[in-house]
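So the chains spell out like this:
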Amino acid sequence: MNESEKQITARLFQQREQGSSHSPYESEFDYYEQVREGNIKRLSEMITDLGGEGAGKLSQDPVRNIRYHFVISVALITRYCVEGGLEMETAYTMSDYYINKGDTCTSISEINALNREMVMDFATKMKANRTKTVYSKHAVMCMDYIMNNLHSRLTVEDIAQNIGISAGYLSRMFHKEVGVTVSGFVISKRIEAAENLLKYSDYQSVDIANYLCFGSHSHFISVFKKYTGLTPKQYRNKYYRSDWTISEHKSVK
């Protein structure tokens, strides 16, 4: 065992002994999805200081440690927003701006304040990007409910009940305004989420299928290939970013 393996093994043992671990994957995934969807209200409830409970220790120096977490946060949010439709030049210009600004911060409180500003800035841009096409209140409520519950079983009846309209009206209205059925929209958003997880996490295809409520792994593979032209394995082999995976950087929030 080389020195790095010894250090990692020792750190894992210490974390288990202390009962500490990295942040749960579901909350990380949900956090980035909310930024990508421009859900400002939800983000204001979710956002916490960098380097909190479960955060990895990236430097012995406290300020540098938080700065590293901030850079990771900016990088992941930038990628998620580009995937969500934010113009690439805008996204990477924002990324450069915030990373450079973070480099001038001299205290943990400054970096945390900047992180909140950065998250809300990206979310605001994404919200504006989404509302370029104007939908009715109920269509937006439906889309928001779906995006917040991709990891749960979703039916037209359940969605309609939660937004206070009938299932029949929801089906007709949504298809007329959005151009796809409610179930078609759910599937397309689950596939988008799966694409991000295959790119930016090292979770297995079967786990992604389970998390996103596909009936079976084989069903997930079939639907994914129909939408992307690739199997999940082929997609990961082509697009996987091992340098920025959620599972490696679960302390970014």
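In this convention, every chain numbers its residues from 1, walking through the sequence in written order. In keeping with the predicted nature of the model, local features appear solely for residues at pLDDT of at least 70, side-chain atom pairs appear and are counted solely at 80 or more, and the whole-chain, interface and lining totals rest on all residues. Heavy atoms from the whole structure form the basis of all side-chain values; hydrogens and water molecules are not counted.

### With respect to the overall build of the chain
So, point 1. By definition, any uninterrupted DSSP run of H or I lasting at least four residues is a helix, any uninterrupted run of E lasting at least two residues is a strand, and each is numbered from the N terminus. Scanning the chain for helices and strands turns up 13 helices and zero strands.
So, point 2. The secondary structure elements of the chain, listed N-terminal to C-terminal, are α-α-α-α-α-α-α-α-α-α-α-α-α.
So, point 3. In the chain, which comprises 253 residues, the share counted as buried stands at 43%.
So, point 4. Sequence separation of at least 24 residues holds for 69% of the intrachain contacts in the chain that already meet a minimum separation of 6. For every residue, the accessible area obtained with a 1.4 Å probe (protein chains only) is divided by the maximum for its type, and the residue is called buried under 20%, exposed over 50%, and partly exposed between those limits. Here, residues are in contact when the closest pair of their heavy atoms is within 4.5 Å.

### Topic: the packing of helix H4 (residues 62-83) against helix H5 (residues 88-103)
So, point 1. Note on geometry: axes are C-alpha line fits, over the in-contact stretch for helices, and angles between N-to-C directions span 0 to 180 degrees. H5 packs onto H4 with a crossing angle of 170° between their chain directions and a minimal axis gap of 9 Å. Considered as vectors, H4 and H5 are oriented roughly antiparallel to each other. Here Arg-67, Phe-70, Val-71, Val-74, Thr-78, Arg-79 and Val-82 of H4 lie close against H5, whose contacting residues are Met-88, Ala-91, Tyr-92, Ser-95, Tyr-98, Ile-99, Gly-102 and Asp-103.
So, point 2. Under the scheme applied, nonpolar residues are Ala, Val, Leu, Ile, Met, Phe, Trp, Tyr, Cys and Pro; charged residues are Asp, Glu, Lys and Arg; polar residues are all the others, including Gly. Its residues assigned to classes, the contact of H4 with H5 comprises nine nonpolar, three polar and three charged. Note on angle classes: values under 35 degrees are labelled roughly parallel, values over 145 roughly antiparallel, values of 65 to 115 roughly perpendicular, and the remainder oblique.

### Concerning the environment of Arg-116
So, point 1. Mapped onto the secondary structure, Arg-116 falls in helix H6 (residues 108-130).
So, point 2. Residue classification places Arg-116 among the partly exposed residues on the basis of a relative accessible area of 34%.
So, point 3. Spatially, the C-alpha atom of Arg-116 lies 7.3 Å from that of Ile-47, the residues being 69 residues apart in sequence.
So, point 4. Leaving out residues up to four positions away in the same chain, Arg-116 has contacts with Ile-47, Thr-48 and Asp-49.

### As for helix H13 (residues 232-239)
So, point 1. Taken as a whole, H13 has its buried residues at Pro-232, Tyr-235 and Arg-236. Down the axis of H13, the buried set is contained in an arc of 100°. They therefore lie on one face. What points out from H13, more than 90 degrees from its buried face, is the exposed set Lys-233, Asn-237 and Lys-238. Arc, as used here, means the arc of the directions from the helix axis to the C-beta atoms.

### Comments concerning the environment of His-219
So, point 1. Residue position: His-219 is located in helix H12 (residues 217-228).
So, point 2. Looking at His-219, the relative accessible area reads 38%, which means it is partly exposed.
So, point 3. Distance in space between the C-alpha atoms of His-219 and Ala-209 is 8.6 Å, their sequence separation being ten residues.

### So, the side chain of Asn-149
So, point 1. For Asn-149, the position within the fold is in the loop between helix H7 (137-148) and helix H8 (156-163).
So, point 2. In contact with Asn-149, not counting residues within four places along its chain, are Leu-154 and Arg-190.

### Brief notes about unusual backbone geometry
So, point 1. A positive phi angle is found at Cys-213, which is not glycine, with a value near 65°.
So, point 2. Positionally, Cys-213 belongs in the loop between helix H11 (205-211) and H12.
So, point 3. Residue Cys-213 is classed as partly exposed on the basis of its relative accessible area, which comes to 31%.

### Notes on the packing of H7 against helix H10 (residues 182-200)
So, point 1. At a closest axis distance of 10 Å, the pairing of H7 and H10 adopts a crossing angle of 40°. Here H10 runs oblique to H7, going by the angle between their axes. Crossing angle aside, the handedness with which H7 passes H10 is right-handed. Facing Cys-142, Met-143, Ile-146 and Met-147 of H7, the residues of H10 in contact are Val-182, Phe-185, Val-186 and Lys-189.
So, point 2. When the residues that make up the contact of H7 with H10 are grouped by side-chain class, the tally is seven nonpolar, no polar and one charged. The handedness criterion is simple: a crossing whose near helix is rotated anticlockwise from the far helix by less than a right angle is left-handed, and one whose near helix is rotated clockwise is right-handed.

### Quick notes on the environment of Glu-192
So, point 1. Locating Glu-192 in the fold gives a position in helix H10.
So, point 2. A residue is classified by how much of its surface remains accessible, and Glu-192, at 28% relative accessible area, is partly exposed.
So, point 3. Taking C-alpha positions, Glu-192 is 8.6 Å from Glu-83, a pair spaced 109 residues apart along the chain.

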